[in-house]
Amino acid sequence: MKYAIAFGLAIMVVLASAGAYVYYGLTHRPDVSSFAALTAAPDINRNAPLRVTFLGVSTLLFDDGSTAILLDGFFTRPNSRQLFLEKISPDKTIIKNSLQRAGIEKLAAVIVNHSHYDHAMDAPEVAAQTGAVLVGSESTANVGRGWGLPEANIAARRPGDIMTFGRFTVTLLQSRHVPSPFTGGEITAPLVPPVRANAYLEGTSFAVQIEHDGRRLLVNASAGFVPGALAGRRADVVFLGIGQLGKQSQSYMAEYWRELVTTSGARRVIPIHWDDFTAPIDQPLRPIPVLLDDMSASMQFLVAEGAKSGVEVKLPVAWTVFDPFDRLPASAR
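Residues numbered from 1 in each chain as written. Predicted model: local features only at pLDDT ≥ 70, side-chain atom pairs only at ≥ 80, totals over all residues. Heavy atoms only, no water.

Topic: the overall build of the protein
Heads up, the condition is: Under the DSSP-based scheme used, a helix requires at least four consecutive residues in state H or I and a strand at least two consecutive residues in state E, with every element numbered from the N terminus. Relative accessible area decides the class of each residue, using a 1.4 Å probe on protein chains only: under 20% of the type maximum gives buried, over 50% gives exposed, and in between gives partly exposed. Should any heavy atoms of two residues lie within 4.5 Å, those residues are counted as being in contact. The protein chains shown are the only cover counted for residues, whose accessible areas, like all others here, come from Shrake-Rupley with a 1.4 Å probe.
Each helix and strand counted, the protein has eight helices and 14 strands in total. Classification of the 333 residues of the protein by burial places 53% in the buried group. Counting only contacts in the protein whose residues sit at least 6 apart along the sequence, the fraction spanning at least 24 positions is 71%. Entry remark: accessible area of the protein is about 14700 Å², with carbon and sulfur atoms responsible for 56%.

What follows is the structure, encoded as structure tokens:
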């Protein structure tokens, strides 16, 4: 009898410890102010040839005063309860208010990196409100079709495709989602929301190279890669997705840096996709909880690699316009 009681108590202790671990992991996160020294100094010079605004996750506005393009355009940000228990759908009011806050009235294109909900869900409505063409994989095209976006405003594209918008030349390159249970899958028919979050399958993942007046940027939204896919591609600045990077092995992180940063010859890395995208967009951005990611490990790795190779690492400030090429370090090569 006493052994049964002892066993029962041991099980209770294990369960309590596991519960405490999960609770801690879901309620604690790194303090983003600890990275304040890496914050990109805001440059609000409206005469800069190219201005960028980071709007959370991997939503990035590129604007040269004549033409503006947006990557992803995710603003609705359903909370955890909605994600696990309900179906989700774009919130037109949140999207409208977010576009107004960012000063976005008209866009030439909304380019979707891959078709998970935190990249693709809002993109058709953003395109509808701004007159943009929705650019992405066939999966993204089916997200647009399910929202009722006219076919004339949908451009299904493949890796290697090149597009021109004003003075922007955009090349879509093959990439891959960071290893996770949600990697893979295609959306093969129009996706009509509301639907479960897991209905937004990855589709094709792109790295997006943007050339503007002879200078190049590279956006890799998720911390995944296809070995050799960027060979011969150059970039001055890389917007580097780091979501769940801190949960990967050191060898994975090192290869990720080599494939995206070393290969491109970048002199500046700007981490993106580090914020908790279940938190409302009108609140200050905060890192993903430590149970799901380790932003501190990611940033420590990036800073250390940058110091070894002369690459500057700068954390973007949400809703703040900056010049990505401002005071760009000289090439380390």
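Concerning the nonpolar core
Short version of the rule: Take the buried Ala, Val, Leu, Ile, Met, Phe, Trp, Tyr and Cys residues and link them wherever side-chain atoms come within 4.5 Å; each set so joined is a nonpolar core.
The biggest cluster of nonpolar side chains holds 60 residues, and the ones touching the most others in it are Phe62, Ile111, Phe165 and Phe239. Looking at this core element by element, the count peaks at six residues for helix α7 (residues 250-262). Every residue in contact with Phe62, bar those within four places of it in the chain, is listed here: Leu50, Arg51, Val52, Thr67, Ala68, Ile69, Leu71, Phe168, Ile210, Leu217, Val219 and Phe239. By size, the runner-up hydrophobic cluster in this structure holds 36 residues, among which are Val126, Leu149, Ile154 and Ala197.

Observations regarding helix α5 (residues 123-130)
Residues that lie three or four places apart on an α-helix share one face, since the helix turns once every 3.6 residues. The buried fraction of α5 is high, at six of eight residues. Within α5, burial applies to Ala123, Pro124, Glu125, Val126, Ala127 and Thr130. Here the buried face of α5 lies against β3 (68-71), α3 (92-101), β4 (109-111), α4 (117-120), β5 (133-136) and α6 (138-146). At the C-terminal side of α5, Gly131 shows a positive phi close to 75°.

What to know about the packing of α3 against α5
We count it as follows: Here an axis means a line fitted to C-alpha atoms, over the contact stretch when the element is a helix, while the angle between two N-to-C directions is reported on a 0 to 180 degree scale. Orientation is classified from the angle alone, with under 35 degrees giving roughly parallel, over 145 giving roughly antiparallel, 65 to 115 giving roughly perpendicular, and any other angle giving oblique. Note on convention: near helix rotated counterclockwise from far helix by under a right angle means a left-handed crossing. Clockwise means right-handed. Throughout, the ten residues Ala, Val, Leu, Ile, Met, Phe, Trp, Tyr, Cys and Pro are labelled nonpolar, Asp, Glu, Lys and Arg are labelled charged, and all others, Gly among them, are labelled polar.
Packing of α3 against α5 brings their axes to within 10 Å, and their N-to-C directions diverge by 55°. Our classification of the angle between α3 and α5 gives oblique. Crossing of α3 over α5 shows right-handed handedness. Of α5, the residues touching α3 (which contributes Lys92, Ile95, Lys96 and Leu99) are Glu125, Val126, Gln129 and Thr130. The class makeup of the residues in the contact of α3 with α5 is three nonpolar, two polar and three charged.

Things to note about the pattern of salt bridges
Basically, it comes down to this: The working definition used for a salt bridge is a side-chain nitrogen of Lys or Arg within 4 Å of a carboxyl oxygen of Asp or Glu.
Evaluation of the coordinates by the stated rule reveals 12 salt bridges. For Arg167, the salt bridge identified is with Asp213, shortest N-O distance 3.0 Å. Of the two residues, Arg167 is situated in the loop between β7 (162-165) and β8 (168-174) and Asp213 in the loop between β9 (206-212) and β10 (215-220); the sequence distance between them amounts to 46 residues. Where Glu312 meets Arg268, a salt bridge forms, and the shortest distance between an N and an O atom there is 2.6 Å. In this pair, Glu312 is assigned in strand β13 (residues 312-313) and Arg268 in strand β12 (residues 268-272), connecting sequence segments 44 residues apart. A relative accessible area of 6% means that Arg268 is categorised as buried. Through salt bridges that share partners, Asp64, Arg167 and Asp213 make up one connected network.

Section: the environment of Leu70
You can see Leu70 is positioned in strand β3. You can call Leu70 buried: its relative accessible area is 0%. In the structure, Leu70 is positioned 41 residues away from Ile111 in sequence and 6.3 Å away in space, judged by C-alpha atoms. With sequence-adjacent residues up to four places away left out, Leu70 is seen in contact with Leu55, Thr59, Leu60, Leu61, Ile104, Leu107, Ala109, Val110, Ile111 and Val126.

Everything listed is a geometric property; what it means functionally is a separate question.
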